Amino acid sequence: GDGTLSADAGIDLLFDPGRGRDAARRGAEAGARQAIAEAAGARLFLIGRLTETYLALRHDQRRLALSQTEAGRQRQTLEMARTLAQAGEGTQIETLRSQARLASLDAARPQLEAAVAKGILQLSVLAGDAPGALPPDLTASLRSLGAQPRARLAPDPGIPADLIRNRPDLQVAEARYDAARADLGQARAAFFPQLSLSGTIEAGRTLGAPGTGGRGLVSVGPSLRLPSLPQGPARARADAAEAQVIAAHADWTAAVLGALYEVEAALVDYQTAAKAEAAADRAVGLHAKARSLTREATAAGEATLSDLIAVEDALSNAESAFASARLSRALAFARLNQRLGAGARPLLPASGNAPAEP
């Protein structure tokens, strides 16, 4: 039978000496990199908050455990005070001091328990759940008096170029700089003419009709776009875009320098915290030994109960200071890694630019 076979095709060519389309493409890519880097920055911030909240929770639990341990020591001291008082070797004042110390510990314990409870609730919210809605096994693990986290690994700051690859804020600054350069490229492209060639090609053939031949149609329409006159507004837009490039480059450079400073300062904080933790650890050992010797001397009548109470207070303060020093070191380690951009990786390749004069 008869039939028709036809085909249509379109062409669209653009002669773009000002590379306006290329600039638009680079601007779109920069916008995508900026959005992804901002999302990575938000993720890194959340990781930091979770880490610091967890460290604070374990510190509060450590303080609670120390309070319970100190209460046990004070009960032993109170029993000794009462025994010595009955034997005429102790005073009522020493017994009252021991009772007062025990009462102070009992009064402070509810605040520590409340701090632990609120820490678990805060972790629930940071994890994206309602307060108290964490899985039961995870909640039970958090409520248990686990060991206080300790920073054991040596910090590895790497090389400065790692910051540009890892830190989301530097990726954002770089993307803004690239976007500003792309806007400048589009503004400058307006000074060049653009020639476009567009049209259609249509071909057809009737089947089953010998001698009728075929038919075809070609339609091509070139168009030329010249720069607008006068060019004052276009030049003003280009000048404004160039100023944006200079400002974005300055912001990028400042962000890089600021990041380098933050890392160096975080390294100093970590090293200082590590030394403080080591000193606090030694202090706890010395105070514990002094308490043991003083307790033996008190039982032998070679020291007073007041001496023992004073030594136990010093040991309690040293243990609390050690727990705080361990928390400070762990926080310093976490913040150093956050300054290094650990935990945030770029999802798109960087542009490959380096801070240089625009």
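Note: the structure precedes this text.
Mind showing me how you'd approach the packing of helix α6 (residues 232–299) against helix α7 (residues 305–339) here?
How two helices pack is summed up by the angle between their axes together with the distance between the axes. Running from N to C, α6 and α7 cross one another at 160°; their axes reach a closest spacing of 7 Å. Taken together, the axes of α6 and α7 lie roughly antiparallel to each other. Handedness of the crossing formed by α6 with α7: left-handed. Here the residues of the contact of α6 with α7 are counted per class, giving 24 nonpolar, 4 polar and 12 charged.

Would you mind going over the nonpolar core with me for this structure?
It is characteristic of soluble globular proteins that their nonpolar side chains tend to be buried jointly. Core analysis: the largest hydrophobic core is formed by 19 residues, its most contacted members being L163, V263 and L336. Only α5 (168–189) and α6 provide two or more residues apiece to this core. Ranked by the residues each element gives to this core, the list is headed by α6, at 10 residues. If sequence neighbours within four positions are ignored, V263 has contacts with P157, L163, L336, R339 and L340.

I keep staring at the pattern of salt bridges and nothing clicks. Help me out?
Any two side chains of opposite charge can pair if their charged atoms end up close together. By the definition in use, this model includes 18 salt bridges. A salt bridge links E70 to R101; its shortest N-O distance comes to 3.7 Å. Here E70, found in helix α1 (residues 20–86), pairs with R101, found in helix α2 (residues 92–126); they are 31 residues apart in sequence, far enough to count as distant. E70 sits in the buried class, given a relative accessible area of 1%. In this structure, D169 engages R167 in a salt bridge whose closest nitrogen and oxygen atoms are separated by 2.7 Å. Overall, D169 belongs to the partly exposed group, its relative accessible area being 37%. For R167, a relative accessible area of 6% puts it in the buried group. Three or more residues are tied together by salt bridges with common partners; here these are E70, R73, R101, D313 and E319.

Definitions and limits used
Residues numbered from 1 in each chain as written. Predicted model: local features only at pLDDT ≥ 70, side-chain atom pairs only at ≥ 80, totals over all residues. Heavy atoms only, no water. Axes fitted to C-alpha atoms, helices over the stretch in contact; angles between N-to-C directions. Helix = DSSP H or I, 4+ residues; strand = E, 2+ residues; numbered from the N terminus. Parallel < 35°, antiparallel > 145°, perpendicular 65-115°, else oblique. Left-handed = near helix turned anticlockwise from the far one by under 90°. Nonpolar A, V, L, I, M, F, W, Y, C, P; charged D, E, K, R; others polar. Core = buried A, V, L, I, M, F, W, Y, C linked by side-chain atoms within 4.5 Å. Buried < 20%, exposed > 50% of the residue type's maximum accessible area, 1.4 Å probe, protein only. Contact = heavy atoms within 4.5 Å. Salt bridge = Lys/Arg side-chain N within 4 Å of Asp/Glu carboxyl O.

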